[in-house]
Amino acid sequence: RWAMFAEPKVGTVELDGPGQVTIGQEAAFDVFVDFEGEPYPQAEIAQAKYLLFDATGAMVASGDAEAVADGQYLVTLPADVTSELTAGSNRLEVAVSSSVVSIPFFGSIDFVTVQ
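These lines cover the structure that appears in this document, whether it is placed above or below. (Residues numbered from 1 in each chain as written. Predicted model: local features only at pLDDT ≥ 70, side-chain atom pairs only at ≥ 80, totals over all residues. Heavy atoms only, no water.)

1. Quick look at the pattern of salt bridges
Inference 1: Going through the model one piece at a time under the given rule, you end up with three salt bridges.
Inference 2: Its salt-bridge partner being Lys9, residue Glu44 comes within 2.7 Å of it at the nearest N-O pair. Placement of Glu44 in the loop between β4 (38–39) and β5 (45–53) and of Lys9 in the segment before β1 (12–16) is noted, with a sequence separation of 35 residues between them.
Inference 3: Its relative accessible area of 22% is what places Glu44 among the partly exposed residues.
Inference 4: Notably, a salt bridge pairs Asp110 with Arg91, separated by 3.2 Å at the nearest N-O pair. On the criterion of sequence distance, the pair formed by Asp110 in strand β10 (residues 105–114) and Arg91 in strand β9 (residues 88–98) is long-range, its members being 19 residues apart.
Inference 5: A residue is classified by how much of its surface remains accessible, and Asp110, at 43% relative accessible area, is partly exposed. (Salt bridge = Lys/Arg side-chain N within 4 Å of Asp/Glu carboxyl O. Helix = DSSP H or I, 4+ residues; strand = E, 2+ residues; numbered from the N terminus. Buried < 20%, exposed > 50% of the residue type's maximum accessible area, 1.4 Å probe, protein only.)

Now the structure itself:
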């Protein structure tokens, strides 16, 4: 009866998206959240947030990732956000908090912006 509490349901987060983004153009990144190889149920996710950092390490934008399906989210960086980036390496980080464990899970992806 208590077996579901034997191991905390701390998920893993993986991001997939373009390795190169043109400044001033929209960019979309897929976010996959799973636990032991299975999609993390959307009903058990409290929130999924993203943080965008530019080449200097300054935070440029933040917001909510859009739920697509169990274990899948989408982060869309609109053209007005990518226009604030300069040429160089940037980082998109996603933090996911669950309603069943108090430990958030994180994932990130690096991409390059060009003119």
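Past the structure itself, the notes keep going.
2. Section: the sheet that holds β9
Picture the strands of a sheet paired through backbone hydrogen bonds; they go either parallel or antiparallel.
Inference 1: The sheet built from five strands is open, its strands ordered β2-β10-β9-β5-β6 with mixed pairing. Lying at the two open borders of the sheet, with one neighbouring strand each, are β2 (20–22) and β6 (59–64). Taken over all neighbouring pairs, the strand axes of this sheet differ in orientation by 30° on average, direction set aside.
Inference 2: Here β9 runs beside β10; their pairing, made up of nine bridges, is antiparallel. Looking at the pairing, Ala95 lines up with Phe106 of β10. (Pairing = 2+ DSSP bridges. Axes fitted to C-alpha atoms, helices over the stretch in contact; angles between N-to-C directions.)

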